[in-house]
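Structural overview
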Amino acid sequence: MATKRYTPDYYRTTLRPAYLRLNQRQSSCWLLFLYLLLFLLLPDELHAQRLMEKLNRGLVAVRQDSQHVFVSWRLLVTDPDNVAFNLYRTVKGGKPFKVNQRPLTGGTNCVDTNAPIQQDVVYSIRAVIANGEQKPEDTYRLLASAIYPYITIPLKTPAGYTPNDASAADLDGDGTYELILHQVSRGRDNSQKGRTDPPILEAYKLDGTLLWRINLGHNIREGAHYTQFMAYDLDGDGRAELACKTADGTLDGLGKVIGDSTRHWAKTDGPLEGKILDGPEFFTIFDGKTGAALATTDYIPSRNPTDGWGGIGGIGGNDNNGNRVDRFLACVAYLDGKLPSVVMCRGYYGRTVLAAWDWRRGKLTSRWVFDSQQSADGFSGMGNHNLTVTDVDNDGKDELIYGSMCVDDNGKGLFTTKLRHGDALHVSDLDPARPGLEAWGIHENEAPIPGYEKGYGAALYDARTGEILWGAFPGQDVGRGVAEDIDPGNPGAELWWSGSNGLFSTSGKRVGESPASANFLVWWDDDLTRELLDGNHIDKYNPSGPAARLLTAEGCSSNNGTKSTPALSADLFGDWREEVVLRTEDNQSLRIYTTTIPTQHRLYTLMQDPQYRLSIAWQNVGYNQPPHTSFFLGHGMKKPPRPKITLISPAPATR
């Protein structure tokens, strides 16, 4: 007799409904039993797969003009190759009307050319599989007054604060992303003395509902290098948590104090005024739905000794004034290939320490700690103002590319390029003609150090081995650089950097003029090449002339000074193209801009590509960088492989 192979769909349609019918007083015990049963019955190949959030169709509708509405939705990795769709429009008080004449088999978008102007309209999407129409999967209400290509999220911005970096995660398990927003006021760079205001984190639903507010308190300094927050489903229960550094006086989302709120550790005067070099440092996991602190422990590593963070680097040096010791990054990585871990990072100019944490079954435990001081030669000073997480060796587990070095999934140093620290990093399959992933790094190599004099200011290297493929600007400090396919006339990605005086191929050949910006990127129009995102506008690169302006977000501002970065750029809903989140100039709302350009290209949502999804989690850290996929996405691309992931719906809340 053949053994029945149970799947996550069987769990969703049979096991979980059976559980819901059980006596509520027995729910916790039965929940544990059913999850254990599910794990034992799943086929072996699913045991090693990553558990990821289960998304809905992400249906969104935006007016192109008064009579045309652009509607798009997600293609999911669980969809069969031959899935088609029917789009329905329902006017208030009426019956559903099918917009398309034939099932839609191209891009997961459609233009409704007869949308009513004066009435509320509800759109719904239904999958068609083997000529059978499924039940409605998702709905979206379009208001008659919505005549702009964006969604407005009203904020409750505290007085004197400005919306800054954001992240996206499904905090309540409904298949729709919420936004986690960092509200900032008076801040300081690590090199500067002076008081700062407490950093504030808020969670909003897309309709503007404020879920919670966490005030990190007066013992956490405000600035781009201090507060790195991770929002992700860490324990595989279908609902995301929040993780970040905390201190005495932090208030969680329920108003409860972490540590001792009466202690004030910032220096009050002198050259260290405002610096926080004493007092306890904590690491806390918060409930994503309520903001309640679930677990708090000592932060790893300790700041002490505060003068122990120098080393070899572009500006490695050393200090005892709270500069190099308080440079932080963070990320989420699947270090065991199944469930994600949080990695909190300290230092990059000299000494670098990465501490991996697991949040499992209500307990917070340390997985491993990497310390460049205790590693082989060559890892000191190889950090960065940002990082990337991806599976460089294709073993199902993630590595951390931390600028000029890579840390393996087991916490051991994998390689170092010895190109020292830098400001920008891009990792993807930039050259589809060669196997594996490539990394494009921008470095500060101006300081003459024996053995490092000829380090490149910009270089392309193999993301698995660290082998440098080619480089430019030896011995110079390069501030910015970008890598992506923006020119269909050249195979693979193009590379450029500050002062490059040209666009270069992955082989180092000059193939065109430099783009107008070297900042962010976004997939926006109807083709597979990527567009340029800078400040509050999107441009299309033109190999033979000036770039074409595709969008100007009037009334909106970018963040982080001259970095001119969005609050967030990610594939939040709709088809595989990306959304751009910007703050309004009055700081009272966020706008999510989404494309209204039809495309026939069909790709599953980028948020189900593990590397891309994790890049949304770390986008807020340090000097923000755009996300990239684990496969080549560009002109002439091959069909991307289906990621090895398991999607689990959230269990009933027991917290």
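So, here is what we can say about the structure in this document. Treat the numbers as computed from the prediction; the structure is a model and nothing was measured. (Residues numbered from 1 in each chain as written. Predicted model: local features only at pLDDT ≥ 70, side-chain atom pairs only at ≥ 80, totals over all residues. Heavy atoms only, no water.)

**Quick word on the nonpolar core**
For soluble globular proteins, the rule of thumb is that nonpolar side chains tend to be buried together. Counting residues in each nonpolar core, the largest one holds 80 residues, and the members touching the most others are L179, F283, L354, L568, L572 and L633. Ranked by the residues each element gives to this core, the list is headed by strand β21 (residues 328–333), at six residues. Per-domain counts for this core show at least three residues from each of domain 1 (50–147) and domain 2 (153–278). Setting aside its immediate chain neighbours within four residues, F283 contacts A243, C244, T246, A295, T296, T297, D298, Y299, V342, M344, W357 and L364. (Core = buried A, V, L, I, M, F, W, Y, C linked by side-chain atoms within 4.5 Å. Buried < 20%, exposed > 50% of the residue type's maximum accessible area, 1.4 Å probe, protein only. Helix = DSSP H or I, 4+ residues; strand = E, 2+ residues; numbered from the N terminus. Domains from an automatic or database assignment. Contact = heavy atoms within 4.5 Å.)

**So, helix α4 (residues 610–618)**
Most of α4 is tucked away, with nine of its nine residues classed as buried. Listed in full, the buried residues belonging to α4 are P610, Q611, Y612, R613, L614, S615, I616, A617 and W618.

**A few points about the environment of L210**
Within the secondary structure, L210 sits in strand β14 (residues 210–215). A C-alpha to C-alpha distance of 7.8 Å links L210 and L155, two positions 55 residues apart in sequence.

**Some remarks on the sheet that holds strand β30 (residues 438–442)**
With antiparallel pairing, the four strands of this open sheet are ordered in space as β29-β30-β31-β32. Since the sheet does not close on itself, it has two edges, and those belong to β29 (424–428) and β32 (468–474), each with one partner. Within this sheet the neighbouring strands show an average axis-to-axis angle of 10°, counted without direction. Looking at chain direction, strand β31 (residues 456–462) and β32 are connected through five bridges and run antiparallel. Considered in β32, the bridge of Y456 is made with P474. (Pairing = 2+ DSSP bridges. Axes fitted to C-alpha atoms, helices over the stretch in contact; angles between N-to-C directions.)

**Considering the pattern of salt bridges**
Here the structure, examined in full by the defined rule, presents 35 salt bridges. The closest approach of N and O atoms between D79 and R57, which form a salt bridge, is 2.8 Å. Of this pair, D79 sits in the loop between β3 (69–72) and β4 (84–91) while R57 sits in the loop between β1 (50–53) and β2 (60–63), and the two are 22 residues apart along the sequence. Judged by its relative accessible area of 3%, R57 is buried. Between R367 and D358 there is a salt bridge; the shortest N-O distance is 3.0 Å. Of the residues examined, R367 reaches a relative accessible area of 33% and is grouped as partly exposed. Note on D358: relative accessible area 8%, which makes it buried. Each of K245, E281, R303, D326 and R346 takes part in salt bridges that share partners, so that together they form one network. (Salt bridge = Lys/Arg side-chain N within 4 Å of Asp/Glu carboxyl O.)

Any functional reading would require information that these geometric values do not contain.
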